[in-house]
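Structural overview
Each chain is listed here by its residues.
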Amino acid sequence: MALLVKICGVNASDSADAAVRAGADMVGLVFHPKSPRHLSFEAARSLADHLRGRVQLVTLIADADDEMIAGALAAVRPDFLQLHGRETPERAAALKSRFGVQLIKAFPIASAADFAPVAAFTDIADLFLFDAKAPEGLRPGGHGVAFDWQLLKGRAFPRPWLLAGGLSPANVGRAVILSGAPGVDVSSGVETAPGVKDTHLIAEFLSAARNPKLDLEEARS
Ligand SMILES: O=C(O)c1ccccc1NCC(=O)[C@H](O)[C@H](O)COP(=O)(O)O
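In this report, the structure presented in the accompanying data block is examined. (Residues numbered from 1 in each chain as written. Predicted model: local features only at pLDDT ≥ 70, side-chain atom pairs only at ≥ 80, totals over all residues.)

From N to C terminus, the protein includes seven helices and 10 strands. For a compact globule of 221 residues, the expected C-alpha radius of gyration is about 17 Å, and the protein comes in at 16 Å, within 12% of that figure. Among the 221 residues that make up the protein, the fraction classed as buried is 40%. The contacts of the protein with a sequence gap of at least 6 include a subset with a gap of at least 24, amounting to 57%. (Helix = DSSP H or I, 4+ residues; strand = E, 2+ residues; numbered from the N terminus. Rg over C-alpha atoms; globule rule 2.2 N^0.38 Å. Buried ≥ 20, exposed ≤ 12 C-beta atoms within 10 Å, placed from the backbone. Contact = placed C-beta atoms within 7 Å.)

Encoded structure:
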């Protein structure tokens, strides 16, 4: 099966079009006031209408209240709601039941122990996303920080999953091979400045992700 690719934090129609042209499966729209990728409901509605039917849409929130979530869902009418904060299984289940939307649950990973909470989301989340832990005190994602991909090697999960955190056109091929990921997610690795996506980097990322290579020395070891 082709590698799933999600381009996250899209906030302009040129990068949205570049993601579709390059063959991305999903585009994420971020609702987090502290993020350089945060969208107003109005801007999100217009971007989502521009993209609808061309790619799967993801509304991303982190520990948001119901009012914010309802507004973000009404604006985007997404295929998935991504929970990128400290949402418990109970909170996730309540959101799924109230809003009737498929869920992506993000898990911050720094060591093998960080996979422990995943099992409790088996019947609630439709997709898992494994991201690096954010630097202390900062928003929970989009920092360009990677974790040790080898932590994923050989693990089986009851849901499809995406690898995230510090991916870029330069390292995504290696990350896919070392982690065995069925899908990848990127934000700052296809930007020239925080919140500024680059259409060429998006195309390069898709190409590198779908044609993964190791360098010669690594392939021999
Ligand atoms: O992107 C943000 O600004 C953001 C803000 C608040 C919560 C989550 C956020 N991003 C989550 C993502 O899905 C990113 O794509 C993921 O963390 C990877 O980011 P990066 O390392 O920059 O590729």
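With that out of the way, let us pick up the site of the ligand. Neighbouring the ligand are 27 residues; C8, S35, G141, G142 and S188 lie closest to it. Of all the secondary-structure elements, those providing two or more residues to the shell around the ligand are β2 (26–30) and β8 (183–186). For the shell around the ligand, a count of residues per class yields nine nonpolar, 14 polar and four charged. (Near = placed C-beta within 6 Å. Nonpolar A, V, L, I, M, F, W, Y, C, P; charged D, E, K, R; others polar.)

Direction vectors running N to C along helix α2 (residues 41–51) and helix α3 (residues 66–76) enclose 30°, while the axes themselves pass 7 Å from each other. Considering the angle they form, α2 stands roughly parallel to α3. Taken together, the residues of α3 that come into contact with α2 (itself represented by F41, A44, R45 and A48) are G71, A72, A75 and V76. A per-class count over the contact of α2 with α3 returns six nonpolar, one polar and one charged. (Axes fitted to C-alpha atoms, helices over the stretch in contact; angles between N-to-C directions. Parallel < 35°, antiparallel > 145°, perpendicular 65-115°, else oblique.)

Within the secondary structure, N11 sits in the loop between β1 (4–8) and α1 (13–22). When the 19 C-beta atoms within 10 Å are taken as the criterion, N11 is described as partly exposed. Sequence-distant contacts of N11, that is, excluding residues within four places in its chain, are made with R37, L39 and G195.

So, about unusual backbone geometry. We note that D63 has phi near 50°; this positive angle belongs to a residue other than glycine. Inspection of the secondary structure assignment puts D63 in the loop between β3 (56–61) and α3. With 13 C-beta atoms packed within 10 Å, D63 lands in the partly exposed category.

With 12 residues, helix α6 (residues 199–210) extends 17 Å between its outermost C-alpha atoms, agreeing within 8% with the 16 Å of an ideal straight helix rising 1.5 Å per residue. Close packing links the buried residues of α6 with β1, α1, α5 (172–179), β8 and β10 (196–197). (Expected span 1.5 Å × (residues − 1).)

Looking now at the pairing of strand β6 (residues 127–132). Along β6, five of the six residues are buried, which leaves the element largely enclosed by surrounding structure. In this sheet, β6 lies alongside strand β5 (residues 102–109) in parallel orientation, the contact comprising six bridges. Counted as the bridge partner of A106 is L129 from β6. Sheet topology note: the β6/strand β7 (residues 161–163) ladder contains three bridges and is parallel. Of the residues in β7, the one forming a bridge with L129 is L162. (Pairing = 2+ DSSP bridges.)

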